[in-house]
Amino acid sequence: MKLKDIASPSSIKALPEKELKRLASEIRAEIIRTVSVNGGHLASNLGAVELTIALHRVFDCPEDKLIFDVGHQCYTHKLLTGRSADFSTIRKLDGLCGFPRREESPYDAFNTGHASTAISAALGMARARDMRGENYNVVAVVGDGALTGGMCYEALNDAGSQNTPLMVVLNDNGMSISRNVGALSKQLTRLRVSRGWLETKKNVADALRRVPGVGEKLHDAFQRVKNRIRNAFIRDKFFTALGFQYFGPIDGHDIQGMERVFRSLKNVDRPLVVHVVTKKGSGFHHAEEKPDAFHGVAPFYIETGRARSELGPSVGTVGGGYITSLAENHPEICVVTAAMTESTGFGEFSKRFPKRLFDVGIAEEHAVTMAAGMAAGGMRPFVAIYETFLQRAFDQIAVDVCLQNLPVCFLLDRAGIGGEDGATHHGLMGVSMLRAIPNMAVLAPRSEHELKEMINWALSHGRPCAIRYPRSLPKIKAPEGMFRFGTWQSLTPHYRDVAILASSAILRECEEAVELLSSDGIEAYLINASTIQPLNTDCLKYLAQKKIPIVTVEEHFLSGGFGSAVAACCAKMKFPAPVAMIGLPDEFVPHGSRSLLLQRYGLDGPGIARQVKKAVKG
Ligand SMILES: Cc1ncc(C[n+]2csc(CCOP(=O)(O)OP(=O)(O)O)c2C)c(N)n1
């Protein structure tokens, strides 16, 4: 049976063994081909092909619920649940989403994108099932990386104590994006290794027993060593202590083997963990060799594994490199990352100063409070986290950092529209979240140069601050000393018709809008509002004095963003001219390329020009 003929998982339930192997190869080829064109999460998906086939053969979805943690490994699931014909649209605007989406298919039991949520969601569903007197299986598929996140422990602790029936499939490949970290990860490695060791040794023991004369003696001595290892293994039963029954480790590429285990555990009336060992990147040698580089990829050539177009180093990498150079003479600098040391640009720092970089795993809340502790202890931590993932640490930023006015500098990568990963990955709430917190300074550079100046400022001023930036910024040769905290900079001569206030990457679209407006007879005054919090009230007073209308532009939700801060301030000062806001409406922004999304939401050059014109002329 061909992939294109699989309309639903029921089509694969009766397939014979050799057909399954062929199906797994076809799925792999399809994933590699599509991701090589569209970009996406490659290595995690390749590692989960057989696991997903086995799950769909045993469980009856959509009645049974499969919840994928993070959801970045759901491509096989999408291919087996009636979406193979649309698979080429994955991650494109209006195409399939790269993560599970309930609105896309009844087979997607729960929307995911941020890590470590699946066990909580599964427990909630299992409890809903029980309260409603229904009868289905709930399965959470969780990676060993995701298991470094605190929510997993909260959920395991809760589920185990109540004995709620649900199955956690631990997909253990030893990797988060990079090699996994933490004590539990070491324990999982021991489980994998000792299991292999015991199996091998069993063969050795059997062979020894067969040696005439000395056989039994050798075998007894050997048995004692083996038991010592087994005892150590039993003492380490982490999941059992939390009230879960543990099974494994089992081979996550052996469909039949997994099926046997899942089938025998299906409908069991208690919480279970099935530990499955997989290989990240399995079946594509480039990804097997460099699973971290092939975790999330831009379009690439299949033969060489090389990117189709070079993006150049990210803004985060430039910032990380700069902090690395500063760290030579600043022993107080240290860096905290949450399972994304390379992705946030601190690979070089981790090599140069391994004792001053702390990768805490996918544990953003812990990262923030730990950094607060470091700052209280006299260090100057930089916390590098994608803006979207920092959302879960709001309380820690407010209470543990800002209330104590501690000098923690947050480096918020991927601020603004994140593109193809979609709603869960855009950074569109950072300003509203951070500007609500007293003592917090919020900055947004428009160039790599300005980012460095902001880092200098952060280091020399002991207070909480956040610097938000996208993956890439235009290469602008800005003059030295351009950034001064709390001030804004004019990017055009002072014209009278309208002032456009914006910061960071969207200034490029604003520049285009200024040109379009000029050809329409409207002379706009473009201002780089690089300090978002506090606002530059002197500038607003100047505009009030001259009665110049204001339009704010931001790649952020309008509600609570920069524009609403400016509007509130203008209302307070009884601003004598119109004030308008351009930004993203109050709805989740889907996946798609940044340029198409900007166009759709009227944030490209012509869209901004149109809206400014309306604001000025009515
Ligand atoms: C809260 C949060 N922080 C960071 C990330 C970025 N992220 C996506 S996948 C991943 C690693 C997940 O590792 P694992 O669960 O073991 O899955 P694997 O990719 O190894 O299959 C990380 C850190 C995220 N999605 N959510």
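Residues numbered from 1 in each chain as written. Predicted model: local features only at pLDDT ≥ 70, side-chain atom pairs only at ≥ 80, totals over all residues. Heavy atoms only, no water.

Chemist: I'd love a proper account of the packing of helix H14 (residues 364-376) against helix H16 (residues 394-402), names of residues and values included.
Modeler: The geometry of H14 relative to H16 is characterised by a closest axis approach of 9 Å and an angle of 10 degrees between their N-to-C directions. With respect to each other, H14 and H16 are oriented roughly parallel. Judged by residue contacts, Glu365, Val368, Thr369 and Ala372 of H14 engage Gln396, Ile397, Asp400 and Val401 from H16. In terms of residue class, the contact of H14 with H16 is built from 4 nonpolar, 2 polar and 2 charged. (Axes fitted to C-alpha atoms, helices over the stretch in contact; angles between N-to-C directions. Helix = DSSP H or I, 4+ residues; strand = E, 2+ residues; numbered from the N terminus. Parallel < 35°, antiparallel > 145°, perpendicular 65-115°, else oblique. Contact = heavy atoms within 4.5 Å. Nonpolar A, V, L, I, M, F, W, Y, C, P; charged D, E, K, R; others polar.)

Chemist: Which residues make up empty space enclosed by the protein, and what values go with them?
Modeler: Gaps between atoms show up when a probe of the same size as a water molecule is rolled over them. One pass over the full model with this rule turns up 5 cavities of 30 Å³ or more. Considering the residues around the largest cavity, the lining is formed by 19 residues, among which Arg468, Ser503, Ser504, Ile506 and Glu555 are closest to the centre. With 4 residues, strand E18 (residues 550-557) is the single largest residue contributor to the lining of the largest cavity. (1 Å grid on protein atoms, 1.4 Å probe; cavity = no way out; pocket = protein on both sides within 12 Å on 5 of 7 lines; lining within 4 Å. Points joined across faces, edges and corners; volume = space filled by probe spheres on them.)

Chemist: Can you tell me about the site of the ligand, naming the residues and giving the values?
Modeler: Neighbouring residues of the ligand: 22 residues in total, closest Ser44, His72, Gly145, Lys280 and Glu364. In the environment of the ligand, an oxygen atom lies 2.7 Å from a nitrogen or oxygen atom belonging to the side chain of His72. The contact in question runs from a nitrogen atom of the ligand to an N or O atom on the side chain of Glu364, over 2.7 Å. Protein contact buries 98% of the 590 Å² of open area that the ligand shows by itself. Residue classes in the shell around the ligand are distributed as 9 nonpolar, 9 polar and 4 charged. Built from parts of two domains, the shell around the ligand gets at least three residues from each of domain 1 (3-297) and domain 2 (315-413 + 446-468). (Near = heavy atom within 4 Å. Polar contact = N/O pair within 3.5 Å; in protein donor to acceptor, adjacent residues only side chain to side chain. Areas by Shrake-Rupley, 256 points an atom, 1.4 Å probe, with all protein chains shown as cover. Domains from an automatic or database assignment.)

Chemist: Describe the domain arrangement of the chain, naming the residues involved and giving the relevant values.
Modeler: For the chain, the assigned domains read domain 1 (3-297), domain 2 (315-413 + 446-468) and domain 3 (489-617). Where domain 1 meets domain 3, there are 1 salt bridge. Residue Arg600 pairs with Asp94 through a salt bridge whose shortest N-O separation is 2.7 Å. The tally of links from domain 1 across to domain 3 stands at 4 residue pairs in polar contact (both at pLDDT 80 or more). (Salt bridge = Lys/Arg side-chain N within 4 Å of Asp/Glu carboxyl O.)

Chemist: Please set out the pattern of salt bridges residue by residue, giving values where relevant.
Modeler: Evaluation of the coordinates by the stated rule reveals 27 salt bridges. Look at the salt bridges and you will find they share partners, linking Lys78, Arg83, Glu104 and Asp108 into a network.

Chemist: Can you lay out the side chain of His56 for me, pointing to particular residues and giving the numbers?
Modeler: The topology assignment puts His56 in helix H3 (residues 49-58). Residue contacts for His56: discarding those within four places in its chain leaves Pro9, Ile12, Lys13, Cys61, Leu66, His77, Leu80 and Thr81.

Chemist: Residues and numbers for the pairing of strand E8 (residues 333-337), please.
Modeler: When you tally the buried positions in E8, you get 5 out of 5 residues, the bulk of the element. Residues Ile333, Val335 and Thr337 line one face of E8 and the alternating positions Cys334 and Val336 line the opposite face, and both faces are buried. Bridging between E8 and strand E10 (residues 380-386) involves 5 bridges; their strand directions are parallel. Note that in E10 the partner of Val335 across the bridge is Phe382. (Buried < 20%, exposed > 50% of the residue type's maximum accessible area, 1.4 Å probe, protein only. Pairing = 2+ DSSP bridges.)

Chemist: Go over the sheet that holds strand E17 (residues 531-533), please, and point to the residues and values.
Modeler: If you walk across this open sheet you meet the 7 strands as E9-E8-E10-E11-E13-E12-E17, and the pairing is mixed. A strand with exactly one partner marks an edge of an open sheet, and here the two such strands are strand E9 (357-359) and E17. Ignoring which end each strand starts from, the neighbouring axes of this sheet average 20 degrees apart. Relative to E17, strand E12 (residues 441-443) is paired through 2 bridges, and the arrangement is antiparallel. Opposite Val442, over in E17, you have Gln533 as the bridge partner. Each of E8, E10 and strand E11 (409-413) touches helix H12 (residues 315-327); the most contacted strand, E8, lies at about 145 degrees to it.

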